Amino acid sequence: MHQLIPSVVTDHCNKHGEPKIVDTCSLPLTGARCVSMIITELAVFEIDRKAGVMTLTELMPGATLEEVKAKTGANFEVSPNVKHVQLD
């Protein structure tokens, strides 16, 4: 039996180029600490909801660590085993 991971798939930035992944949300929340994974066109982050730690685990094709850092408005750790996603 597969375990479902509460995930969100979103654009990394809004239409104005501002980060959508931020430390503090300025919009009303529908749920707090309810997501365990964030997937964007640039990267995949795993979230430790209890510790409140976000870790970059995968980079999408063409994305660089520097680009992800520049376009992410939240603190995150980088997995020592960060992978580059292969899309076929």
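So, on to the pattern of salt bridges. Summed over all chains, the structure comprises one salt bridge. For Glu 67, the salt bridge is made with Lys 71, and the minimal N-O distance between the two is 3.1 Å.

What follows covers the nonpolar core. Of all hydrophobic cores here, the largest spans twelve residues; its members are Ile 21, Ile 38, Leu 42, Ala 43, Phe 45, Met 54, Leu 56, Leu 59, Ala 63, Val 68, Ala 74 and Phe 76. Going through the elements one at a time, β3 (43–48) and β4 (53–59) are the ones with two or more residues in this core. Looking at this core element by element, the count peaks at three residues for β4. Dropping the residues within four chain positions of it, Phe 45 is found in contact with His 12, Ile 21, Ser 36, Met 37, Ile 38, Met 54, Thr 55, Leu 56, Val 68, Thr 72 and Phe 76.

All right, on to the environment of Val 22 then. Relative to the elements of secondary structure, Val 22 occurs in the loop between β1 (7–9) and β2 (37–39). When its relative accessible area of 39% is taken as the criterion, Val 22 is described as partly exposed. Each residue touching Val 22, except ones within four places of it in the same chain, is listed here: Gly 73 and Ala 74.

So, on to the sheet that holds β2. Strand order in the open sheet made by the five strands is β1-β2-β3-β4-β5, with mixed pairing throughout. Two strands close off the open sheet at either side, each with one partner strand: β1 and β5 (77–84). Between one strand and the next, the sheet's axes are offset by a mean angle of 20°, whatever the strand orientation. Summarising the sheet, β2 and β3 pair through three bridges and their orientation is antiparallel.

Hairpin connection of β2 to β3: three residues between the antiparallel strands. One ladder, built from six bridges, connects β3 with β4; its direction is antiparallel. The residue of β4 that forms the bridge with Ala 43 is Leu 59. In this antiparallel pair of consecutive strands, β3 and β4, the connection spans four residues, and Gly 52 shows a positive phi of 70°.

Reading guide: rules and limits
- Residues numbered from 1 in each chain as written.
- Predicted model: local features only at pLDDT ≥ 70, side-chain atom pairs only at ≥ 80, totals over all residues.
- Heavy atoms only, no water.
- Salt bridge = Lys/Arg side-chain N within 4 Å of Asp/Glu carboxyl O.
- Core = buried A, V, L, I, M, F, W, Y, C linked by side-chain atoms within 4.5 Å.
- Buried < 20%, exposed > 50% of the residue type's maximum accessible area, 1.4 Å probe, protein only.
- Helix = DSSP H or I, 4+ residues; strand = E, 2+ residues; numbered from the N terminus.
- Contact = heavy atoms within 4.5 Å.
- Pairing = 2+ DSSP bridges.
- Axes fitted to C-alpha atoms, helices over the stretch in contact; angles between N-to-C directions.

Shape descriptors only; they carry no functional weight alone.
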